[in-house]
Amino acid sequence: MAKALKFGGTSMANADSIRKVADIIRSDPEARYVVVSAPGKREPSDTKVTDMLIALCNEPSAGGKRRLLSEITGRFDGIIEGLGLDLDLSADYEVILGGEESDSYDYIVSRGEYLSAKVLAALLGYEFVDAADIVRFGRDGRLDDDKTQRLASDRLRVAVKAVVPGFYGRGADGRIKTFSRGGSDVSGAIVAKAVGATVYENWTDVDGFMVCDPRKVKNPRIIEMLTYRELRELAYMGASVLHPEAVFPVNKAGIPINIRNTFNPSAKGTMIVCYEDLERGTYKRADHVITGIAGKKDFVGVSIQKEMMNSEIGFCKTLLDVLYEKRIRLEHMPTGIDTVTLIIDPTGVTDETLEEAVMEIRERCRPNTIEVHKGLSLIAVVGHGMSNTKGTASRVCGSLYNAGVNIRMIDQGSSEMNIIIAVENEDYDKSIAALYGEFVG
Ligand code: ASP
């Protein structure tokens, strides 16, 4: 039996936190495969090692580079000294600016994880397994899942206990390549799948996944258990603890994720499990209607009205063609008999492109009216518990009515695990608070 554990940047930030990491690992005989991030912030004003490495890459002068490198190596030496370790990383420091791949941005930026893993491996007496040997990217720059799984399981099978750096692997050209920021979560998932872990413990600095954004509601409740499907809905709407790509490898393999807090290890955290396992009773959770609430601001609504729209074949297809041609992402499309509203995510769309799209719709669809409404927020109320539960939509609407919020749109998928509502941006905060109050506490 083996677990895969990933420790994030705050857990690896200094000697004190790394001692906590080591205690967690030593207290659990199943904790055999560990993935680490680079040291993160020690306090809010601090700089993450990854950001220091990025600054090093962007520094034009040789003198400046040397100064930045010595700040970075100073952080590692401080950690090594604080841990009382007999470890000399000077040969590794040397090759950062003077080695074969020193001209590569990804190589330099990945060195935080590389050194961090070396330190923890030395502290625990675990084997150091370089991510470059087990994680492979394809020619398209995306993770080569099959090759990675083959390499990782072959290599890790012969390592009884190992520490692996997160965040990077090797590209199709043989050079070091990183994931996007926060990518050590993905590395942790890869390792968990490769070793057939019983659980993927993702150790961070919060007690778990919260029911809603703690900036909107003070101390929201921690979700004890959520399914991968619920996570997908909540994460899509902006709730984030994990890198989105970290979910697929473990979900596919049926491995649960347990979000834990390095600084409060007695808290059970949040378990993320497959819906089927919940259905089968492998996992049990307390009955509730709503698992989580998440939302995002600044959507655009385009409301279109045309007499006899319902009998015009291809009307909606033309609308979608226009959006497709203008590369505009559609989020929702609630329709009436003679009306339809396009709820659009305007990220990366200029005002000009939006105007062109509206003109195009005017020309090709000849509507009676077309109105653009900016500043809409979408809120998702998510939970398997609402399926076959009467009155959920009524409670959503009632709580918003009591808070004095006007609902601009409401949409419930037939899966009945998600109600999406659109409200004005200025009503966003009070809507989240009202929904939390109604369903949670
Ligand atoms: N160190 C990288 C970052 O700051 C990757 C990670 O921590 O997951 O994004």
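In the block above lies the structure referred to throughout.
A brief structural summary. Along each chain, residues carry numbers from 1 onward, in the same order as the chain's sequence is written. Predicted model: local features are reported for residues with pLDDT of at least 70 only, side-chain atom pairs are reported and counted for 80 or more only, and whole-chain, interface and lining totals are derived from all residues. Each side-chain value is worked out from all heavy atoms of the structure, with water and hydrogens disregarded.

### Digging into the overall build of the protein
Working step 1: Note on conventions: DSSP H or I runs of at least 4 residues are helices, E runs of at least 2 residues are strands, and numbering of each starts at the N terminus. When its secondary structure is counted, the protein shows 15 helices and 16 strands.
Working step 2: Between the two quantities, the radius of gyration covers C-alpha atoms and the globule rule is 2.2 Å times the number of residues to the power 0.38. At 25 Å, the protein has a C-alpha radius of gyration in line with the 22 Å of a compact globule built from 441 residues.
Working step 3: Each principal axis of the C-alpha distribution contributes one length, and for the protein these read about 80 × 50 × 40 Å.
Working step 4: Each residue gets one of three labels from its accessible area relative to the maximum for its type: buried under 20%, exposed over 50%, partly exposed in between, using a 1.4 Å probe on protein chains only. Put simply, the protein has 441 residues, and 52% of those count as buried.
Working step 5: Under the convention used here, a 1.4 Å probe and the Shrake-Rupley method define accessible areas, while residue burial counts only the protein chains that appear. Of the accessible surface of the protein, which amounts to about 20,700 Å², a share of 48% is contributed by carbon and sulfur atoms.
Working step 6: His residues and chain termini do not enter the charge count, which takes Lys and Arg as positive and Asp and Glu as negative. The atoms used to mark charge sites are NZ of Lys, CZ of Arg, CG of Asp and CD of Glu. With 55 positive and 64 negative side-chain charges, the protein shows a separation of 3 Å between the mean positions of the two kinds.

### Some thoughts on the sheet that holds strand E12 (residues 329-332)
Working step 1: Read across the open sheet, the 6 strands follow the order E12-E13-E11-E14-E16-E15; overall the sheet is antiparallel. With partners counted over all chains shown, the strands left at the sheet margins are E12 and strand E15 (409-412), one partner each. Shown here is a sheet whose adjacent strand axes are inclined to one another by a mean of 35 degrees, direction ignored.
Working step 2: Across the sheet, helix H9 (residues 228-236) lies against strand E11 (292-305), E12, strand E14 (369-382) and strand E16 (418-424), angled at about 60 degrees from E11, the strand it touches most. Two strands make a pair as long as DSSP finds a minimum of two bridges between them. For helices, the fitted axis covers only the stretch in contact; all axes are lines through C-alpha atoms, and the angles between them, taken along N-to-C directions, range from 0 to 180 degrees. Any two residues whose heavy atoms approach within 4.5 Å at even a single point are treated as in contact.

### Some remarks on a negative patch on the surface
Working step 1: Note on patches: the residues involved have over 30% relative accessible area and no salt bridge, like charges join within 9 Å, and the nonpolar side chains Val, Leu, Ile, Met, Phe, Trp and Tyr join within 5 Å. For this document, the term salt bridge refers to a Lys or Arg side-chain nitrogen within 4 Å of an Asp or Glu carboxyl oxygen. A surface patch of like charges, here negative, comprises Asp77, Glu81, Asp86 and Asp88.
Working step 2: Along the chain, the position of Asp77 falls in helix H3 (residues 62-82).

### What about helix H1 (residues 15-26)?
Working step 1: Between its terminal C-alpha atoms H1 stretches 16 Å, which fits the 16 Å expected from 12 residues at 1.5 Å a residue.
Working step 2: Within H1 the residues assigned to the buried category are Ala15, Ser17, Ile18, Val21, Ala22, Ile24 and Ile25. Here, expected helix span is obtained from the residue count minus one, scaled by 1.5 Å.

### A word on the side chain of Asp345
Working step 1: Here Asp345 lies in strand E13 (residues 339-345).
Working step 2: Under the relative-accessibility criterion, Asp345 is labelled buried at 9%.
Working step 3: Whenever a nitrogen or oxygen atom comes within 3.5 Å of another N or O atom, the pair is scored as a polar contact, on the condition that within protein one atom can donate a hydrogen and the other can accept it, and that pairs from neighbouring residues in sequence are kept only if both atoms are in side chains. Of note is the side chain of Asp345, whose polar atom sits 2.5 Å from the side chain of Thr347.
Working step 4: Not counting chain neighbours up to four residues away, the residues in contact with Asp345 comprise Phe299, Arg329 and Glu331.

### Some thoughts on the site of the ligand
Working step 1: When we say a residue is near a molecule or strand, we mean one of its heavy atoms is within 4 Å of it. In the vicinity of the ligand, the residues found are Ser37, Thr50, Glu113, Phe167, Arg181, Gly182, Gly183 and Ser184.
Working step 2: One nitrogen or oxygen atom from the side chain of Arg181 is found 2.7 Å from an oxygen atom belonging to the ligand.
Working step 3: Charged residues are taken to be Asp, Glu, Lys and Arg, nonpolar residues to be Ala, Val, Leu, Ile, Met, Phe, Trp, Tyr, Cys and Pro, and polar residues to be all remaining types, Gly included. In terms of residue class, the shell around the ligand is built from 1 nonpolar, 5 polar and 2 charged.

### Describing the sheet that holds strand E2 (residues 31-36)
Working step 1: Taking strand neighbours across the sheet as the criterion, the 8 strands line up as E3-E4-E2-E1-E7-E9-E10-E8 in an open arrangement whose pairing is mixed. Strands with a single pairing partner mark the edges of an open sheet, and in this sheet they are strand E3 (127-128) and strand E8 (225-227).
Working step 2: Two strands pair when backbone bridges link them, and strand E9 (residues 257-261) and strand E10 (residues 270-273) are joined in this way by 3 bridges, in the antiparallel orientation. Paired with Ile257 across the two strands is Ile272, which belongs to E10.
Working step 3: Across the sheet, helix H6 (residues 111-124) touches E2, E3 and strand E4 (162-165), and the angle it forms with E4 is around 170 degrees.
Working step 4: Contacting E8, E9 and E10, H9 runs over the sheet at an angle of about 85 degrees to E8.

### Description of the packing of aromatic side chains
Working step 1: Any Phe, Tyr or Trp ring, taking Trp's six-membered ring, that has another such ring centre within 6.5 Å forms a pair; planes under 30 degrees apart are called stacked, those over 60 apart edge-to-face, and the others tilted. Under the defined criterion, the tally for this structure stands at 3 aromatic pairs.
Working step 2: Lysine and arginine charges are scored as sitting over a ring when NZ or CZ, respectively, is within 6 Å of the ring centre and within 35 degrees of the ring normal. The residue whose ring lies beneath Arg327 is Tyr324, and the NZ or CZ to ring-centre distance is 4.9 Å.

### Observations concerning the pattern of salt bridges
Note that side chains of opposite charge can pair when their charged atoms are close.
Working step 1: Evaluation of the coordinates by the stated rule reveals 30 salt bridges.
Working step 2: The residue Lys118 makes a salt bridge to Asp92 at a minimum N-O spacing of 3.5 Å. Highlighted residues: Lys118 in helix H6 and Asp92 in helix H4 (residues 90-98), separated in sequence by 26 residues.
Working step 3: Taking the relative accessible area as the measure of exposure, Lys118 reaches 22% and is therefore partly exposed.
Working step 4: The exposure class of Asp92 is buried, given its relative accessible area of 15%.
Working step 5: A salt bridge links Glu360 to Arg364; the nearest nitrogen and oxygen atoms lie 3.1 Å apart. Of this pair, Glu360 and Arg364 both sit in helix H13 (residues 351-365), 4 residues apart, which is roughly one turn of that helix.
Working step 6: With a relative accessible area of 25%, Glu360 lands in the partly exposed category.
Working step 7: Taking the relative accessible area as the measure of exposure, Arg364 reaches 36% and is therefore partly exposed.

### A closer look at the environment of Asp429
Working step 1: If you trace the backbone, Asp429 turns up in helix H15 (residues 428-439).
Working step 2: Residue class for Asp429 comes out partly exposed when judged on its relative accessible area of 37%.
Working step 3: Sequence spacing of Asp429 and Val158 is 271 residues, and the spatial spacing of their C-alpha atoms is 52 Å.
Working step 4: Beyond its immediate stretch of four places on either side in the chain, Asp429 contacts Lys216 and Lys297.

### Quick word on the pairing of E2
Working step 1: Counting buried positions along E2 yields 5 of 6 residues, so the element is predominantly enclosed.
Working step 2: Bridging between strand E1 (residues 3-7) and E2 involves 5 bridges; their strand directions are parallel. Paired with Lys3 across the two strands is Ala31, which belongs to E2.
Working step 3: Between the parallel elements E1 and E2, the chain passes through H1 in a crossover that is right-handed.
Working step 4: Sheet topology places E2 next to E4; 4 bridges connect them, and they run parallel. If you follow Val35 over to E4, its bridge partner there is Val164. Here is how to tell: hold the view so the strands point away, follow the path from the first strand over the helix to the second, and if it runs clockwise the crossover is right-handed.

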